[in-house]
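Tertiary structure, described
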Amino acid sequence: MTIPTVSLPSGARMPTFGIGTWRMGEERRRRKEETDAIRHALDLGFTLIDTAEMYGEGGAEEAIADAIARRRDGLFIVSKVYPHNASRQGAIAACERSLARLRIERIDLYLLHWMGGVPFEETIAAFRKLRDDGKIADWGVSNFDLDDLQSWYDKDGGRCATNQVMYNLARRGVEFDLLPWMRQHNMPLMAYSPFDRGPLARNTALKTVADRHGATPAQVALAWLLRQPGMIAIPKSADKQRLTENFGALQVKLTDADLADLDRAFPPPRGKRSLAMA
Ligand SMILES: NC(=O)c1ccc[n+]([C@@H]2O[C@H](COP(=O)([O-])OP(=O)(O)OC[C@H]3O[C@@H](n4cnc5c(N)ncnc54)[C@H](OP(=O)(O)O)[C@@H]3O)[C@@H](O)[C@H]2O)c1
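Before going into details, it helps to say that this report is about the structure given with it.

If you check which residues of helix 7 (residues 204-212) are buried, you get L206, V209 and A210. Taken end-on, helix 7 shows its buried residues confined to a sector of 105 degrees, consistent with a single buried face. Facing away from the buried side of helix 7 by more than 90 degrees, the exposed set consists of T204 and D211. Looking at the residues trailing helix 7, positive phi occurs at G214, about 60 degrees.

This is the structure in structure tokens:
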């Protein structure tokens, strides 16, 4: 199965389905298992890998480096800078450290992990310099609610490629205002924690829908995201069998009846909710 792509403001195309790596790279003794799991994901056909300098304090980026060595072409690598590193000089230095750990020349998409105390202008100036120097191709933000995203977007001239936020069936708050605004501005949303960090993969309402398709609840949670235009899902698993299961979500096509049942079990928001965060 080929993974669909979305277009970014730079004209680059980004896969809509990838793998997350939070909680990887934290323990040396699990490194080989994690690297093997990432390799397995690439063998399945995943090409997008989401990581951050925060994950395992660089350990996840190192595990990825081992997995992508000699097969970097065609992959789309996302990493993130800590807010406390997001100053004009700090973000450049942090990006260079990430590049060294990942053992690549360029990060495809570099995100501010969440908003901190550094003025947006400074971080944007650093991101521009990194792009001009070829160290990143695109930039974006993460965990930004609407007001802050609008303010960032005004300052970066509409170059913000995405906003990575928590979005899944159990956390639908973004549907009220953030997601419509992003759609209006052709900005894809990167949905993190698609299983709500695990529970949705065991949910009985999802199981009922899954049974109709010979699928699993985890696949339904992913198919529900993947059917939406401009949506990118990044489930995490360090287990080969679950990675294979997750990849299989591409084949699950939910019907109107499925969607209505899911809306009943997980009602969409009727008003503003504060942004969910993992
Ligand atoms: N920007 C941010 O602030 C932010 C915050 C959170 C996450 N993220 C990104 O989004 C990625 C995904 O989010 P997440 O890691 O929070 O949560 P998630 O993907 O919703 O859930 C991960 C959990 O689900 C389990 N799992 C995976 N596939 C499964 C399956 N088929 N059946 C049953 N269980 C399954 C995993 O266990 P196993 O590994 O044992 O399979 C893990 O415990 C992260 O890894 C990270 O890259 C970004």
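Attention shifts here to the packing of helix 1 (residues 31-44) against helix 9 (residues 240-247). Their axes nearest at 9 Å, the elements helix 1 and helix 9 cross at an angle of 30 degrees. One element, helix 1, and the other, helix 9, form an angle in the roughly parallel class. In this structure, helix 1 crosses over helix 9, and the sense of that crossing is right-handed. Of helix 9, the residues touching helix 1 (which contributes A37, H40, A41 and L44) are K240, L243, T244 and F247.

The two faces of strand 8 (residues 163-166) match: N163 and V165 on one face and Q164 and M166 on the other face are all buried. One ladder, built from 4 bridges, connects strand 8 with strand 9 (residues 189-192); its direction is parallel. Bridge assignment links Q164 to a residue of strand 9, and that residue is M190. In this fold, the crossover linking strand 8 to strand 9 by way of helix 6 (residues 178-184) has right-handed handedness.

What counts, and at which threshold
- Residues numbered from 1 in each chain as written.
- Predicted model: local features only at pLDDT ≥ 70, side-chain atom pairs only at ≥ 80, totals over all residues.
- Buried ≥ 20, exposed ≤ 12 C-beta atoms within 10 Å, placed from the backbone.
- Helix = DSSP H or I, 4+ residues; strand = E, 2+ residues; numbered from the N terminus.
- Arc of directions from axis to C-beta.
- Axes fitted to C-alpha atoms, helices over the stretch in contact; angles between N-to-C directions.
- Parallel < 35°, antiparallel > 145°, perpendicular 65-115°, else oblique.
- Left-handed = near helix turned anticlockwise from the far one by under 90°.
- Contact = placed C-beta atoms within 7 Å.
- Pairing = 2+ DSSP bridges.
- Right-handed = clockwise from strand over helix to strand, strands pointing away.

What is shown is where atoms sit, not what they do.
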